[in-house]
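# Residue-level structure breakdown
Spelled out, the chains give:
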Amino acid sequence: ITKREYLSLFNNRDKTRHIVRQKRISFLWNIQSFNVHVFKEPSDVCILHAQVRSSPDSSDTVDMPSFLDVDRLITDSVEDEIYGAYQISLIK
């Protein structure tokens, strides 16, 4: 984009939010895909996202890697909305 477009967009940014900086680490463990979202700014939160393939003859349980220390499960509940980038970006 041009300098003019950048300045226009910059001046019209949402000033009620921080820029969210995060690092993502992806890896496979026992045929499961994991993504670690490490939020660096404005919050110090680390979230593990696990994807497992579901089949009729298997359970939907996640085989957690032994080298990870997980505090708690985050679900799609209203209480856990605070862990999304949209909520993390709010200036308090």
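Residues numbered from 1 in each chain as written. Predicted model: local features only at pLDDT ≥ 70, side-chain atom pairs only at ≥ 80, totals over all residues. Heavy atoms only, no water.

Further remarks concern the side chain of Ser 89. Note on placement: Ser 89 falls in the segment after α2 (85–88). A polar atom in the side chain of Ser 89 sits 2.8 Å from the backbone oxygen of Tyr 86. Those residues in contact with Ser 89, other than ones at most four positions away along the chain, are Thr 16, Arg 17, His 18 and Val 20. (Helix = DSSP H or I, 4+ residues; strand = E, 2+ residues; numbered from the N terminus. Polar contact = N/O pair within 3.5 Å; in protein donor to acceptor, adjacent residues only side chain to side chain. Contact = heavy atoms within 4.5 Å.)

Moving on, we get to a nonpolar patch on the surface. A cluster of nonpolar side chains, Ile 1, Tyr 6, Leu 7, Leu 9 and Phe 10, forms an exposed patch at the surface whose accessible area comes to about 550 Å². Structurally, Ile 1 is set in the segment before α1 (3–11). (Patch = residues over 30% accessible without salt bridge, like charges linked within 9 Å, V, L, I, M, F, W, Y side chains within 5 Å. Areas by Shrake-Rupley, 256 points an atom, 1.4 Å probe, with all protein chains shown as cover. Salt bridge = Lys/Arg side-chain N within 4 Å of Asp/Glu carboxyl O.)

With that settled, consider the sheet that holds strand β2 (residues 32–41). With respect to topology, three strands assemble into an open sheet ordered β1-β2-β3, the strand pairing being antiparallel. Of all strands in the sheet, those with a lone pairing partner are β1 (21–29) and β3 (45–51), marking the two edges. Across the sheet, the mean angle separating the axes of adjacent strands is 20° when strand polarity is ignored. Here β1 pairs with β2 via nine bridges, running antiparallel. Bridge assignment links Lys 23 to a residue of β2, and that residue is Val 38. (Pairing = 2+ DSSP bridges. Axes fitted to C-alpha atoms, helices over the stretch in contact; angles between N-to-C directions.)

Turning our attention to unusual backbone geometry. A positive phi angle, near 50°, is found at Asn 30, a position not held by glycine. Mapping Asn 30 onto the fold places it in the loop between β1 and β2. One non-glycine residue, Ile 31, adopts positive backbone phi at about 60°. Within the fold, Ile 31 resides in the loop between β1 and β2. Look at Ile 31 and you get exposed, because its relative accessible area is 84%. (Buried < 20%, exposed > 50% of the residue type's maximum accessible area, 1.4 Å probe, protein only.)

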